[in-house]
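Overview (structure and organization)
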Amino acid sequence: DINPINFTKCDTDANSTDGYSNFNLNDIAQIIRTENNFNQNYDIDFYLTAQDANNDLNVLPNNFTNTIAYQQEIYAKVSINGTCVAILKVFLNVVNTESIQLQELSICQGETITLTTASQNSNYLWNTGETTQSIQVSTAGLYSVRYFSIDGCEITQNFNVTVSNGPSDVNI
């Protein structure tokens, strides 16, 4: 028995929240070969429907953009020397790549503030070079952190910190 393939991709095109992305079906064919010990002599073609796969109609191009947002089921037909070996489901999943809204923060001169990411993760990279979930800052500036969601998609979070000098001397 050949198991269905789940293939997840981050939505990194111009509209990173629309649920559509371009898939290289050759990459998925290679996964099918590897997981099932099929060598390069096995042909793998992709179809929108099982009926198309059965009838060898409407083969999908190698560069395929899903036509149903976020998750689409397509079919892979595995054959050798023109003989069908298997038809299996392939689930194409598209995960949004987020850019979290800018946080505006203000502190008084001499004060320190802790900036913390929205996600508990294990791999952070701040524009300051630090690699922790939180950093402490006392100077004005734009701070950003990059990390990966549970699906492996890169997320950027930005913080704009301003420093207030406080009131100037007032004579009453």
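Right above here is the structure, for reference.
Predicted model only: the values in this text are computed from it and were never measured.

Analysis parameters
Residues numbered from 1 in each chain as written. Predicted model: local features only at pLDDT ≥ 70, side-chain atom pairs only at ≥ 80, totals over all residues. Heavy atoms only, no water. Helix = DSSP H or I, 4+ residues; strand = E, 2+ residues; numbered from the N terminus. Rg over C-alpha atoms; globule rule 2.2 N^0.38 Å. Buried < 20%, exposed > 50% of the residue type's maximum accessible area, 1.4 Å probe, protein only. Contact = heavy atoms within 4.5 Å. Areas by Shrake-Rupley, 256 points an atom, 1.4 Å probe, with all protein chains shown as cover. Disulfide = S-S within 2.5 Å. Pairing = 2+ DSSP bridges. Axes fitted to C-alpha atoms, helices over the stretch in contact; angles between N-to-C directions. Polar contact = N/O pair within 3.5 Å; in protein donor to acceptor, adjacent residues only side chain to side chain. Salt bridge = Lys/Arg side-chain N within 4 Å of Asp/Glu carboxyl O.

Right, let's get into the overall build of the protein. From N to C terminus, the protein includes 2 helices and 12 strands. Computed over its C-alpha atoms, the radius of gyration of the protein comes to 25 Å, more than 25% above the 16 Å expected for a compact globule of 172 residues. Burial statistics for the protein: of 172 residues in total, 33% are counted as buried. Taking as baseline every contact in the protein between residues at least 6 positions apart, the subset at least 24 positions apart corresponds to 55%. Element-wise, carbon and sulfur atoms account for 45% of the exposed surface of the protein, whose accessible area totals about 10,400 Å².

Once that is clear, we can look at the state of the cysteines. As enumerated under the stated definition, the model contains 1 disulfide in all. Covalent S-S linkage joins Cys10 and Cys153, the inter-sulfur distance amounting to 2.2 Å. Between Cys10 and Cys153 the sulfur-sulfur dihedral comes to about -100 degrees; the bridge is accordingly left-handed. Residue Cys10 is located in strand 1 (residues 5-11), and its partner Cys153 is located in the loop between strand 11 (141-148) and strand 12 (154-164); the two are separated by 143 residues in the primary sequence. For Cys153, a relative accessible area of 0% gives the class buried.

This paragraph deals with the sheet that holds strand 5 (residues 71-80). Neighbouring strands of a sheet are bound in pairs by backbone hydrogen bonds; such pairs are parallel or else antiparallel. Read from one edge to the other, the open sheet built from 4 strands follows the order 1-6-5-3, with strand pairing classed as mixed. In the strand order of this sheet, the two ends are held by strand 1 and strand 3 (43-47), each with one partner. On average, each strand axis in the sheet is tilted by 30 degrees relative to the strand beside it, whichever way the strands run. Where strand 1 lies against strand 6 (residues 83-96), 7 bridges are found, and the strand directions are parallel. Within strand 6, the residue paired with Cys10 across the bridge is Val95. Contacting strand 1, strand 3, strand 5 and strand 6, helix 1 (residues 25-36) crosses the sheet at an angle of about 125 degrees to strand 3.

In this section: the side chain of Lys77. Inspection of the secondary structure puts Lys77 in strand 5. Here Lys77 falls in the buried class, since its relative accessible area comes to 8%. Polar contacts involving the side chain of Lys77 include one to the main-chain carbonyl oxygen of Ala53, which spans 3.0 Å. At a separation of 3.0 Å, a polar atom in the side chain of Lys77 contacts the side chain of Asp56. Excluding its chain neighbours within four sequence positions, the residues that come into contact with Lys77 are Asp43, Ile44, Asp45, Tyr47, Ala53, Asn54, Asp56, Cys84, Ala86 and Ile87.

Per the stated rule, a full pass over the model turns up 2 salt bridges. Between Glu154 and Arg146 there is a salt bridge; the shortest N-O distance is 3.5 Å. Assessed through its relative accessible area of 33%, Glu154 is described here as partly exposed.

This part is about the pairing of strand 8 (residues 113-116). A one-sided burial pattern is seen for strand 8, the buried positions being Ile113 and Leu115 and the unburied ones Thr114 and Thr116. Here strand 8 runs beside strand 10 (residues 134-137); their pairing, made up of 4 bridges, is antiparallel. Its bridge partner lying in strand 10, Thr116 is registered against Ser134.

Geometric descriptors of this kind do not, in isolation, establish any biological role.
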